[in-house]
Each structure stands twice: as C-alpha cells, then as structure tokens.
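Structural overview
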Amino acid sequence: MKNKMATLLVIVSAMLIGAGMTWQQRLLFVGGIGLVVEALPDLVDRLKEALTERWRLSQVVNRSKAA
C-alpha cells in the first residue's frame, strides 16, 4: 500500500509541476490528498454501516407489507 501511495504521490507531483504550480501550492494540494486518503477507510466503514442498516429496515418493511 505504501509503495502504491508513493508512486501516486510522484505521479501527482509531476502533474502539478507540469501545471506550473509553485512548490507551496503543490505541498498544500498533496497534503489535502493525504488527508482525504486517511479519512477514506472511516468513511467507507460508515457508509457500509448505513447501507446495512437501510437494507435491514427495508427487509422489515417488505415483510410487514407481505403479511
């Protein structure tokens, strides 16, 4: 995972250099990406929980309608 992130970081940095951004702008951009990547696992877990709960509720409603 770390190797993939390092590769992605190099690619993104090269793209930003090509876009003519200053090193400060690149640092802020890459830092923002890092924060998003760190937050993703928690967000995915919350989404799974919400979807599971919604599915359970829909099963209860469907059973009630069938009865």
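Use the structure listed above.
Here we summarise the structure given alongside this text.

**Some details on the environment of G31**
Within the fold, G31 resides in helix α2 (residues 23-66). The exposure class of G31 is partly exposed, given its relative accessible area of 36%. Placed 10 residues apart in sequence, G31 and M21 show a C-alpha to C-alpha distance of 14 Å.

**Things to note about α2**
Helix length check: α2 (44 residues) gives 63 Å between terminal C-alpha atoms against 64 Å at 1.5 Å per residue, within 8%. The largest bend in α2 is about 40 degrees, located at L40, with the proline P41 one to four residues further on.

**As for the pattern of salt bridges**
Scanning all chains against the criterion turns up 2 salt bridges. Put simply, D42 and R46 hold a salt bridge, and the shortest N to O gap is 3.3 Å. In this pair, D42 and R46 both sit in helix α2, 4 residues apart, roughly one turn of the helix. Overall, the relative accessible area of 40% leaves D42 in the partly exposed class.

**Observations regarding a nonpolar patch on the surface**
Taken together, the side chains of V36, L40 and L43 present a nonpolar region at the surface, about 270 Å² in accessible area. With respect to the helices and strands, L43 occurs in helix α2. Residue classification places L43 among the partly exposed positions, given a relative accessible area of 46%.

Rules used in this analysis
Residues numbered from 1 in each chain as written. Predicted model: local features only at pLDDT ≥ 70, side-chain atom pairs only at ≥ 80, totals over all residues. Heavy atoms only, no water. Helix = DSSP H or I, 4+ residues; strand = E, 2+ residues; numbered from the N terminus. Buried < 20%, exposed > 50% of the residue type's maximum accessible area, 1.4 Å probe, protein only. Expected span 1.5 Å × (residues − 1). Bend = angle between axes of the 7 residues up to and from the residue. Salt bridge = Lys/Arg side-chain N within 4 Å of Asp/Glu carboxyl O. Patch = residues over 30% accessible without salt bridge, like charges linked within 9 Å, V, L, I, M, F, W, Y side chains within 5 Å. Areas by Shrake-Rupley, 256 points an atom, 1.4 Å probe, with all protein chains shown as cover.

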